[in-house]
Amino acid sequence: MKRARRRLSWAAALALIAALGLTRANPAWAATTPGCEVNALQSVAPAHVTINAAATVVLNLTTSYCDVKGTIATVTGNQNGSVLFELGLPAPWNGNFVFIGNGGYAGSLQGVQGGEFAALLGFGFAAAATDTGHESPYNNSGLGALDGSFALINGQAGQPNLAAIEDFANRAVHLSTVASETLATAYYGHAMFSYFDGCSTGGRQALVEAQEFPTDFNGIVAGDPAIGDPIAGFNWNDQALLASPASYLPPSAIDLLDAAVTEKCDGSDGLIDGMIEDPRLCHFDPKSLECKNHQTANCLTAAQVKTVKAIYRGAQGIGGQLYPGYTASNPGGSDGWMAWITGTVTPTFDNANPWGAPPDSLANAPYQFSFQDQFMKYFAFQNPAYDSLSFDFKSIGDVRALTTIVDEYGADGENPHLKPFFDAGGKLLMYHGWSDPALSPFVSVDYYNAARAALHGDFHKLRQDARLFMVPGMHHCTGGPGPYDFDSLTPLINWVEAGQAPHDIIGENPISGRTFPLCAYPQLAVYTGSGDVNDAANWVCRDRLKPPIKSSVSQGH
């Protein structure tokens, strides 16, 4: 899904790494290592990799880097693909390598363009990113990540672009990682630790790497992952929302809902402090907002209540639950439900293009509609004219068409068997915002519990190699009223290189200045009873849920 930018505290991260003695100050480069030159790097590149450019770039007064751009040739059946990647090799180098995940349908070198690439290089990390095998024609308008048309050859119905689909699903990240690590090792003549950092689609890529390519990385950060079948969830929400004009939730309805949920649920964790720490602790029934006695303001219509309940319930159809529902907490704000589910532009009804036809709809529709509409058209049904709102959850054929394409490439990210990754010494750090309006936070809780089950229920063994941090009040990868600004990479590096497993991670809301401990699941933060509630120092992580609350608990469904 769309990768949101979260401000990472790279300065704090580097200071902590250095304090622990993990930074390698300019490892001695072997005399035979290649320089920053195309032919020299081509001579050490893996097969099917073409080095297109290599140049030294001055980043700042203390850092320059070798900027390497390359292409990887791929093949699926009789179709050829082409994956772009970019690699930065800084001087000085701290001995670590980070691959940056993508967002949405990718379609460009997002990791380079989003600023994380430069930030990593500035602190001495070698860094790389990929376009996942296609370049969107809408990149110049900023809509490329919403564009799924690459899944059909020249947009032609019934002509799937199998090479591009496989590259996007799982191949591009793996091959770009192999190429980048090979080039970096040859360039520096020195061994290194390798890390992956991704959120949304990048979170799915992260888990697929751990599952399918367990030796690619020493440590992986997987945030708000787009695993399972979110397209089913998106389409379900759209059909509920657009069933009739009376079903639609305008911004005023979202504001009303947000205020009511906060009033009902703020104290569910034992403290009224403006933050809903765990929405599973609160039962909110949207029917409490239904208009009564000819009321026409500050209430929801019966049809709107039905829409909210459908969003809470999640996608259901042939085969049962296709995607979990969404939490009640914190739907408001510009990056909440209005951005992802309901939109801010009033749609039309009773037609296939409620926000206009693509590509105009990509600029007007909420993100969930754009993602599911593009996927249904270009991936599942291979027809640009397909009406995604006609998808029938009770039709075996429709559900099978959707789930088959999701499962076909082994890239849904739900394989819980991580033992090969753990046996190779890998560490997995997951996080997810409890108020994510894009990808249900229950997918991460469910996945973590499934990984535990795959280890015969041995929770202690799972925690030795994988930990999950749920973030109260955080929207998709960032934003929301919670402590969404935190550094997940440093704790992972400490875990991999110093054996220090993270017990908690301190998050901050940069707007309010509040700090808060993000506890390793299933623990929750508990106020000590004294001191400022807005200071993380006055909270401790403890086991609070006994017995554990089920992930997909009812919320007034």
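Asker: Would you mind going over the pattern of salt bridges with me for this structure?
Answerer: Overall, the coordinates contain nine salt bridges when judged by the stated rule. Between Arg171 and Glu166 there is a salt bridge, and its shortest N-O distance comes to 3.4 Å. Of the residues examined, Glu166 reaches a relative accessible area of 21% and is grouped as partly exposed. Asp373 is the partner of Lys377 in a salt bridge, and the nearest nitrogen-oxygen pair spans 2.8 Å. Here the residue Lys377 and the residue Asp373 both occupy positions in helix α12 (residues 367-380), the gap between them amounting to four residues, near one helical turn. Take Lys377 and Asp373: they sit in the same class, and that class is buried. Salt bridges here are not isolated pairs; linked through shared partners, they connect Glu166, Asp167 and Arg171.

Asker: When you look at unusual backbone geometry in this model, what are you seeing that I'm missing?
Answerer: Most peptide bonds adopt trans geometry, and most residues besides glycine take a negative phi value. At the junction of Pro358 and Pro359, the peptide bond is cis and its omega measures out at 5° in the coordinates. Put simply, Tyr521 and Pro522 share a cis peptide bond, and its omega is 10°. Relative to the assigned elements, Pro522 resides in the loop between β13 (515-519) and β14 (524-527).

Asker: What exactly am I supposed to notice about the confidence of the model for the protein chain here?
Answerer: Predicted coordinates in regions of low pLDDT should not be interpreted in detail. For the protein chain, per-residue confidence averages 92 on the pLDDT scale, and residues scoring 70 or more make up 92% of the total. Here residues 2-31 is a poorly scored stretch, pLDDT under 50, and it has 83 contacts once near neighbours within four places are set aside; other chains count. Contacts for the low-pLDDT stretch residues 546-557, under 50 throughout, to residues beyond four places or in other chains number 29 contacts.

Asker: Help me understand empty space enclosed by the protein in this model?
Answerer: The method is simple in principle: a probe with the dimensions of a water molecule rolls over the atoms, and the space it marks as empty is what remains. Scanning the entire structure with this criterion turns up two cavities of 30 Å³ or more. Considered as a void within the structure, the largest cavity measures approximately 300 Å³ in volume. In this structure, the largest cavity is lined by 20 residues; those nearest its centre are Phe168, Arg204, Phe375, Val406 and Ala411. Those elements giving two or more residues to the lining of the largest cavity turn out to be α5 (162-188), α6 (201-212), α7 (230-241), α12 and α13 (396-407). It is α5 that contributes the most residues to the lining of the largest cavity, three residues altogether. A breakdown of the residues in the lining of the largest cavity according to their chemical character gives 14 nonpolar, three polar and three charged. Secondary-structure elements contributing two or more residues to the lining of the second largest cavity are β13 and β14. Along the lines of polarity and charge, the residues of the lining of the second largest cavity split into eleven nonpolar, one polar and three charged.

Asker: When you look at the packing of α7 against helix α9 (residues 302-313) in this model, what are you seeing that I'm missing?
Answerer: When two helices pack together, their arrangement is given by the angle between their axes and by how far apart the axes lie. Interaxial distance between α7 and α9 falls to 9 Å at its minimum, and their mutual angle equals 170°. The pairing of α7 with α9 is recorded here as roughly antiparallel in orientation. On α9, the residues touching Trp236, Asn237, Ala240 and Leu241 of α7 are Thr307, Ala310, Ile311 and Arg313.

Asker: Even after reading the chapter, I still don't get the side chain of Asp412, so can you show me in this structure?
Answerer: Checked against the element boundaries, Asp412 lands in the loop between α13 and α14 (419-423). A polar side-chain atom of Asp412 sits 3.1 Å from the main-chain amide nitrogen of Glu414. Apart from residues no more than four positions distant in its own chain, Asp412 is found in contact with Ala226, Ile227, Gly228, Val406 and Asp407.

Asker: It is not clear to me how the layout of surface pockets should be interpreted in this structure. Could you clarify?
Answerer: Quantified by volume, the second largest pocket comes out at close to 300 Å³. Around the second largest pocket, the lining is made up of 15 residues, and of these Trp236, Gln239, Ala240, Lys306 and Ala310 lie nearest the centre. Mapped onto the lining of the second largest pocket, the elements with two or more residues apiece are α7 and α9. Ranked by residue count, the leading element in the lining of the second largest pocket is α9, at five residues. Of the residues contributing to the lining of the second largest pocket, the split by class is seven nonpolar, four polar and four charged.

Asker: How do you make sense of the side chain of Gln368 when you look at a structure like this?
Answerer: Looking at where Gln368 falls in the secondary structure, it is placed in helix α12. Residue classification places Gln368 among the buried residues on the basis of a relative accessible area of 0%. A distance of 3.3 Å separates a polar side-chain atom of Gln368 from the backbone oxygen of Ala438. With residues up to four places along the chain from it excluded, the contact list for Gln368 reads Phe234, Asn237, Asp238, Tyr326, Trp340, Ile341, Pro437 and Ala438.

Asker: It is not clear to me how the state of the cysteines should be interpreted in this structure. Could you clarify?
Answerer: Note on terminology: a disulfide is the covalent bond linking the sulfur atoms of two cysteines. According to the stated counting rule, one finds five disulfides in the structure shown. With its sulfur 1.9 Å from that of its partner, Cys291 forms a disulfide with Cys299. Residues Cys291 and Cys299 share a disulfide whose torsion about the S-S bond is about 90°; that sign makes it right-handed. By relative accessible area, which is 24% here, Cys291 ends up partly exposed. Owing to a relative accessible area of 13%, Cys299 belongs among the buried residues under this scheme. The residue that forms a disulfide with Cys519 is Cys541, at a sulfur-sulfur distance of 2.1 Å. Because the sign of the S-S torsion sets the handedness, a value of about -85° for the bond joining Cys519 and Cys541 places this disulfide among the left-handed ones. With Cys519 in strand β13 and Cys541 in strand β15 (residues 539-542), this pair connects stretches of sequence that are 22 residues apart. Sequence-ordered numbering of the bonded cysteines in the protein chain yields a pairing of 1-2, 3-8, 4-5, 6-7, 9-10.

Definitions and limits used
- Each chain carries its own residue numbering, running from 1 in the written order of its sequence.
- With pLDDT at 70 or above as the cut-off, local features in this predicted model cover only qualifying residues; side-chain atom pairs require 80 or more to be listed or tallied, and sums for whole chains, interfaces and linings still use all residues.
- Hydrogens and waters are ignored; side-chain quantities use all the structure's heavy atoms.
- In what follows, salt bridge is the name for a side-chain nitrogen of Lys or Arg lying within 4 Å of a carboxyl oxygen of Asp or Glu.
- We call a residue buried when its accessible area falls under 20% of the maximum for its residue type, exposed when it is over 50%, and partly exposed in between, using a 1.4 Å probe and counting protein chains only.
- Secondary structure elements are taken from DSSP: a helix is a run of H or I of four residues or more, a strand is a run of E of two residues or more, and numbering for both begins at the N terminus.
- Confidence of the predictor at the level of single residues is captured by pLDDT, which takes values from 0 to 100.
- Two residues form a contact once any of their heavy atoms are found within 4.5 Å.
- Using protein atoms alone on a 1 Å grid, points that fit a 1.4 Å probe yet trap it form a cavity, whereas open point sets bounded by protein on both sides within 12 Å along at least five of seven lines form a pocket; residues with an atom within 4 Å of a point count as lining.
- Grid points are joined across faces, edges and corners, and a volume is the space filled by probe spheres set on the points.
- Throughout this entry, Asp, Glu, Lys and Arg are counted as charged residues, while Ala, Val, Leu, Ile, Met, Phe, Trp, Tyr, Cys and Pro are counted as nonpolar. The remaining residues, Gly among them, count as polar.
- For helices, the fitted axis covers only the stretch in contact; all axes are lines through C-alpha atoms, and the angles between them, taken along N-to-C directions, range from 0 to 180 degrees.
- For this classification, under 35 degrees means roughly parallel, over 145 means roughly antiparallel, 65 to 115 means roughly perpendicular, and everything else is oblique.
- N or O atoms within 3.5 Å of each other form a polar contact, as long as, within protein, one can give a hydrogen and the other can take it, and as long as residues adjacent in sequence are counted only when both atoms are side-chain atoms.
- Note on terminology: pairs of cysteine sulfur atoms within 2.5 Å are recorded as disulfides.

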